[in-house]
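Okay, here's what each chain looks like letter by letter:
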Amino acid sequence: MHSTNRRQWMTAIAAAAACAALPAWATKDNAVEVWKDPNCGCCQDWVEHMQANGFTVTVHESGNTAVRARLGLPQRLGSCHTALVGGYLLEGHVPAADVKRLLKQRPKALGLAVPGMPVGSPGMDGPEYKGRKDPYDVLLVTKNLMNSDVSTRVFTSHR
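Anyway, here's the lowdown on the structure attached to this text.

1. Some details on the overall build of the chain
A count of helical and extended segments in the chain gives four helices and seven strands. Counting helices and strands in the order they occur from the N terminus, the chain gives α-β-α-β-α-β-β-α-β-β-β. Residues counted as buried form 42% of the 159 residues belonging to the chain. Taking the intrachain contacts of the chain between residues at least 6 apart in sequence as the baseline, contacts between residues at least 24 apart amount to 56%. Of the roughly 8,700 Å² that the chain leaves accessible, carbon and sulfur atoms contribute 55%.

Quick look at the structure:
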């Protein structure tokens, strides 16, 4: 087998294996599955932000620590909720517009993360913040399949 064809074949097998590990809904771009604490109001506000932007959301009120670990996202990138959409992980208060861009561009990545809980991000923008908007970055999270190292780069800066 020619090396280019073999490489394409191996890439296809790896992609199929990755998809096989995801739930069946993960192929639908508008279906979001969220893990959050049942008492977290900002997480619920983010869910409503996603719904208002055309996403269908299923919520698990079981916390997100275990699912974040299972998906291979380091704690340093953590926030208060974790989601899956279209085969990608979303961590924290990622704006719907960035999720739509991710799903359109389809980069080779684990997903997007907004570490912490920046004021002004979706779900962290309620009246209690009195219009305050702190700058924050949405990070594209990638994982090296050879050594499982996780790295990030800025996907979008919100200023």
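2. Notes on the pattern of salt bridges
Under the definition given, this model contains four salt bridges. Ionic pairing is found between Glu61 and Lys36, a salt bridge with its closest N-O pair at 2.9 Å. Here the residue Glu61 occupies a position in the loop between strand 2 (56-60) and helix 3 (65-70), and Lys36 occupies one in strand 1 (residues 31-36), the gap between them amounting to 25 residues. Overall, the relative accessible area of 41% leaves Glu61 in the partly exposed class. Between Arg159 and Asp137 there is a salt bridge, with the nearest N and O atoms lying 3.0 Å from each other. With Arg159 in the segment after strand 7 (150-158) and Asp137 in strand 6 (residues 136-143), the pair connects residues that are 22 residues apart, well separated along the chain. Judged by its relative accessible area of 70%, Arg159 falls in the exposed class.

3. Quick notes on the environment of Gln75
Locating Gln75 in the fold gives a position in the loop between helix 3 and strand 3 (81-85). Along the chain, Gln75 and Pro115 lie 40 residues apart, while their C-alpha atoms are 9.1 Å from each other. Reaching out from Gln75, the side chain makes a polar contact with the side chain of Arg68 at a distance of 2.8 Å.

4. Things to note about the pairing of strand 7
With eight bridges joining them, strand 6 and strand 7 adopt antiparallel strand pairing. In the strand pairing of strand 7, Asp137 is matched with Ser157. Joining the antiparallel neighbours strand 6 and strand 7 is a turn of six residues, in which Ser148 adopts a positive phi near 65 degrees.

5. Thoughts on the packing of aromatic side chains
Taken as a whole and assessed by the stated rule, the structure comprises zero aromatic pairs. For the cation-ring pair, Arg101 lies above Phe155, with the distance from its terminal atom to the ring centre recorded as 3.8 Å.

6. Remarks on a negative patch on the surface
On the surface, a cluster of negative charge is made up of Asp45, Glu48, Asp125 and Glu128. In this fold, Asp45 is placed in helix 2 (residues 41-52).

7. A word on the pairing of strand 6
The two faces of the sheet receive side chains in turn, since in a regular strand these alternate between them. The pairing of strand 5 (residues 111-114) with strand 6 spans three bridges and is classified as antiparallel. Its bridge partner lying in strand 6, Leu112 is registered against Leu140.

8. Brief notes about the nonpolar core
Counting 22 residues, the largest nonpolar core has Val32, Trp46, Met50, Phe55, Leu90, Val99 and Leu112 as its most contacted members. Of all the secondary-structure elements, those providing two or more residues to this core are strand 1, helix 2, strand 3, strand 4 (88-92), helix 4 (96-105), strand 5 and strand 6. Broken down by element, the residue count for this core peaks at four residues, all from helix 4. Not counting residues up to four positions away in its chain, the partners in contact with Leu112 are Leu89, Leu90, Glu91, Val94, Asp98, Val99, Leu102, Val138, Leu139, Leu140, Val141 and Phe155. Core analysis: the second largest hydrophobic core is formed by twelve residues, Val67, Leu73, Leu77 and Val150 among them.

Reading guide: rules and limits
- Residues numbered from 1 in each chain as written.
- Predicted model: local features only at pLDDT ≥ 70, side-chain atom pairs only at ≥ 80, totals over all residues.
- Heavy atoms only, no water.
- Helix = DSSP H or I, 4+ residues; strand = E, 2+ residues; numbered from the N terminus.
- Buried < 20%, exposed > 50% of the residue type's maximum accessible area, 1.4 Å probe, protein only.
- Contact = heavy atoms within 4.5 Å.
- Areas by Shrake-Rupley, 256 points an atom, 1.4 Å probe, with all protein chains shown as cover.
- Salt bridge = Lys/Arg side-chain N within 4 Å of Asp/Glu carboxyl O.
- Polar contact = N/O pair within 3.5 Å; in protein donor to acceptor, adjacent residues only side chain to side chain.
- Pairing = 2+ DSSP bridges.
- Phe/Tyr/Trp six-rings, centres within 6.5 Å; stacked < 30°, edge-to-face > 60°.
- Lys NZ or Arg CZ within 6 Å of the ring centre and 35° of its normal.
- Patch = residues over 30% accessible without salt bridge, like charges linked within 9 Å, V, L, I, M, F, W, Y side chains within 5 Å.
- Lys, Arg positive; Asp, Glu negative; His and termini not counted.
- Charge placed at Lys NZ, Arg CZ, Asp CG, Glu CD.
- Core = buried A, V, L, I, M, F, W, Y, C linked by side-chain atoms within 4.5 Å.

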